[in-house]
Amino acid sequence: MTQTSTWAGADQAIAAVWRIESARIVAGVARLVRDIGLAEELAGDALVATLETWPAAGVPDNPGAWLMRVAKNAALDRLRRDKLLREKLQQIGLDLEAREATIVPDFVDSLDDALSGVGDDLLRLMFIACHPVLSKEARLALTLKLVGGLSTHEIARAFLVPEPTIAQRIVRAKRTLGQAGIPFELPPPEALPERLGSVLEVVYLVFNEGYTATAGDDWMRPALLDEALRLGRMLSGLAPAEPEAHGLTALMELQAARAKARVDAAGRPVLLLDQDRARWDKLLIRRGLAALARAEALGGRHGPYALQAAIAACHAQARTAQETDWSTIAGLYGELARVMPSPVVELNRAVAVGMAEGAAAGLALVDRLAGDTRLQDYQWLPSVRGDLLEKLGRREEARAEFTRAAAMTTNARERALLEDRARAKDA
């Protein structure tokens, strides 16, 4: 083990590892115990073990494997103690991993490769969390909690609803799944379409949290971004005839292509129009455009994800910010607003209209959204308004909007950006 220099250092390492590994651990344990609530509890016990062990002994060379090992050992101990192991083995058809756990003398050594098969486990976990027995809102909240590793506060901000509402949804969802005895398996082909939509939505919400973090000290969370990309590609392979699976993959590939250009050397945010497009990932752009072509070839041109991917493609194909086809983007947002009505979509359309037709036209659209209660805590509303006011030369009003937006955000990098823009109005 590598010794940490301070308890604080170990605590930071534990927090970072847990954010990355928690979903894999819950998924791996759920495959043994067939109970999401119990799996989450046992994963939490593994976290407690790290708090008791790592500060003194040091962070293991493979912390994810260590956590998985402890959690799965705890799962088997629970099954044995409750005399449920035989019953569980019969229920899951002598699952290979559980069977080996009872006959391999050194169970810990048999789990050294903690990531073996974990992709299937995560996919199963996602489809269970998105089971039709749950409401759409509960599916999204539960999957973001289990697979995305987001806090209740972060999920609430993603949904634009109160935090207690999200907490209640998660608790009720886990109780419902436990009572229904949902099997830990992928849905059969005939059940795939009805459950795919919720899964795709969750994957994109996870991607968005990675692309622009709700809270914390970093502008992006690359681990979540990469995980959402990986899951999106898996879903495209699982449902190759579903255009929106390819549409979502296209959208994420095209947006992820900008990741390296979205922060400067100091980790500070760089806005789209100021980005060095030479740093955009050309491979991801090609992959995204190819996925978009597949979605459109399958008849999915007007699907919500394909439309958003088409918008991202407009940006990706513009060699410079000045060459961006904002009129086409504004039209695509208008179509998106018809198929997926949302105040956030309307806000984005206002930005595009402001670029295509002038700041006054964009501001008129933004002001129509001022009374929408769903955006009352959404920092991008005053941020966009401040940007448009600045372009119109209304500097004092712009300063007030940027200050208001900064007060709303819980992301340190975003707050600093908005505060800098507010101070610039005083210069």
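Residues numbered from 1 in each chain as written. Predicted model: local features only at pLDDT ≥ 70, side-chain atom pairs only at ≥ 80, totals over all residues. Heavy atoms only, no water.

Evaluation of the coordinates by the stated rule reveals four aromatic pairs. Centre to centre, the rings of tyrosine 204 and tyrosine 305 are 6.0 Å apart; their planes meet at 85°, and the pair counts as edge-to-face. Here tyrosine 305 lies in helix H15 (residues 304–317) and tyrosine 204 lies in helix H11 (residues 192–211), a separation of 101 residues in the sequence. Of the two residues examined, tyrosine 204 and tyrosine 305, each falls in the buried class. The interplanar angle of 15° and the centroid separation of 5.7 Å between the aromatic rings of phenylalanine 207 and tyrosine 211 together place this pair among those described as stacked. Separated by four residues within a single helix, phenylalanine 207 and tyrosine 211 lie in helix H11, roughly one turn from each other. Here the two residues phenylalanine 207 and tyrosine 211 agree in accessibility, since each one is buried. Geometry around tryptophan 280 places arginine 258 over its ring, the cationic atom sitting 5.9 Å from the centre. Over the face of the ring belonging to tyrosine 211 we find arginine 262, whose NZ or CZ atom lies 3.7 Å from the ring centre. (Phe/Tyr/Trp six-rings, centres within 6.5 Å; stacked < 30°, edge-to-face > 60°. Helix = DSSP H or I, 4+ residues; strand = E, 2+ residues; numbered from the N terminus. Buried < 20%, exposed > 50% of the residue type's maximum accessible area, 1.4 Å probe, protein only. Lys NZ or Arg CZ within 6 Å of the ring centre and 35° of its normal.)

This brings us to the environment of asparagine 62. Relative to the helices and strands, asparagine 62 resides in the loop between helix H2 (36–57) and helix H3 (63–81). Taking the relative accessible area as the measure of exposure, asparagine 62 reaches 46% and is therefore partly exposed. A sequence separation of 45 residues divides asparagine 62 from valine 17, and the C-alpha atoms of the two residues are 10.0 Å apart.

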